[in-house]
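The primary structure of each chain is shown beneath.
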Amino acid sequence: MQSVQKNRITKEIQDFDQRQKKSEDNGISILVVDNNITHWKGFINGSPDTPYEGGYFQIDIVLTADYPYKPPKMKFDTRIWHPNISSQTGAICLDILKDEWSPALSIRTALLSLQALLCDPQPDSPQDAVVANQYKTNRELFTKTAKEWTLNYASKNKQDEKIANLVALGLEEQKVKEALLRFGYDEEQAANFLLGG
């Protein structure tokens, strides 16, 4: 890794830390995975007055050797029902993560853009055609489904419940939390990882 890239990434991490200490995080945060500054987990809170309200969404972020000249690779770890995010893979359709990326942007601006996308879906540029079609043709069902998915996959209470379930198996709480983070709060995958399966 070149020192210019390392300095840029380190500065971005410090910026997140400073904003969090000042409570200026705007509902977004990051965690560096396994002390690897090129692999992060991003977190965004669902905005009020949206089907994602009360949700806590995890995004996998990989910074390639070309960062910041090329966009980071980002995908949702948390399952979400949204026209611009694959309900199967978490892939994201957002212009700044593709052709509109600029080195002037940062991971923070990318996460804020994702948070804004949750407030303002773009069904005419979908990542998930089924969800986009539902959004366009049956908004009531879309909203109901998105709320259910938020409750089932992105609820803090559900995440705490998953931690308690795995700790009840005799696993160490900190290791459980790390495994759940690694696997986007997929309880089965985290359990298999922790139990060596």
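Everything numeric here is computed off the predicted structure, so don't read it as measured data.

This paragraph deals with unusual backbone geometry. A cis amide bond links Tyr67 with the next residue in sequence, Pro68, at an omega value of 10 degrees. Within the secondary structure, Pro68 sits in the loop between strand 3 (56-62) and strand 4 (73-76). The phi dihedral of Asp34 is positive, around 50 degrees, even though this residue is not glycine. Topologically, Asp34 is positioned in the loop between strand 1 (28-33) and strand 2 (36-45). Judged by relative accessible area, which is 57%, Asp34 ranks as exposed. In the Ramachandran plot, Asn35 falls in the positive-phi region, its phi being about 55 degrees despite a non-glycine side chain. You can see Asn35 is positioned in the loop between strand 1 and strand 2. Given the relative accessible area of 78%, Asn35 is considered exposed.

With that out of the way, let us pick up the UniProt feature "domain: UBC core" (unreviewed entry) in the protein chain. If you check UniProt for "domain: UBC core" (unreviewed entry), the listed places come out as residues 4-155 in our numbering. The distance from the first to the last C-alpha atom of residues 4-155 is 38 Å, and the span holds 36% helix and 18% strand.

Where helix 6 (residues 173-182) meets helix 7 (residues 187-194), the closest approach of the two axes is 8 Å, and the angle between their N-to-C directions is 125 degrees. Regarding the angle of helix 6 to helix 7, the classification is oblique. Here helix 6 and helix 7 pass one another in a crossing that is right-handed. Residue-level inspection shows Lys175, Val176, Ala179, Leu180 and Arg182 of helix 6 in contact with helix 7, the latter providing Glu187, Ala190, Phe193 and Leu194.

Side chains on a regular strand alternate between the two faces of the sheet. The two faces of strand 4 differ: Met74 and Phe76 on one face are buried, but Lys73 and Lys75 on the other face are not. Sheet analysis places strand 3 next to strand 4, joined by 4 bridges and oriented antiparallel. Each residue of the ladder has a partner; that of Ile59, found in strand 4, is Phe76.

Rules used in this analysis
- Residues numbered from 1 in each chain as written.
- Predicted model: local features only at pLDDT ≥ 70, side-chain atom pairs only at ≥ 80, totals over all residues.
- Heavy atoms only, no water.
- Helix = DSSP H or I, 4+ residues; strand = E, 2+ residues; numbered from the N terminus.
- Buried < 20%, exposed > 50% of the residue type's maximum accessible area, 1.4 Å probe, protein only.
- UniProt positions renumbered as here; feature names shortened; annotations may be inferred.
- Axes fitted to C-alpha atoms, helices over the stretch in contact; angles between N-to-C directions.
- Parallel < 35°, antiparallel > 145°, perpendicular 65-115°, else oblique.
- Left-handed = near helix turned anticlockwise from the far one by under 90°.
- Contact = heavy atoms within 4.5 Å.
- Pairing = 2+ DSSP bridges.

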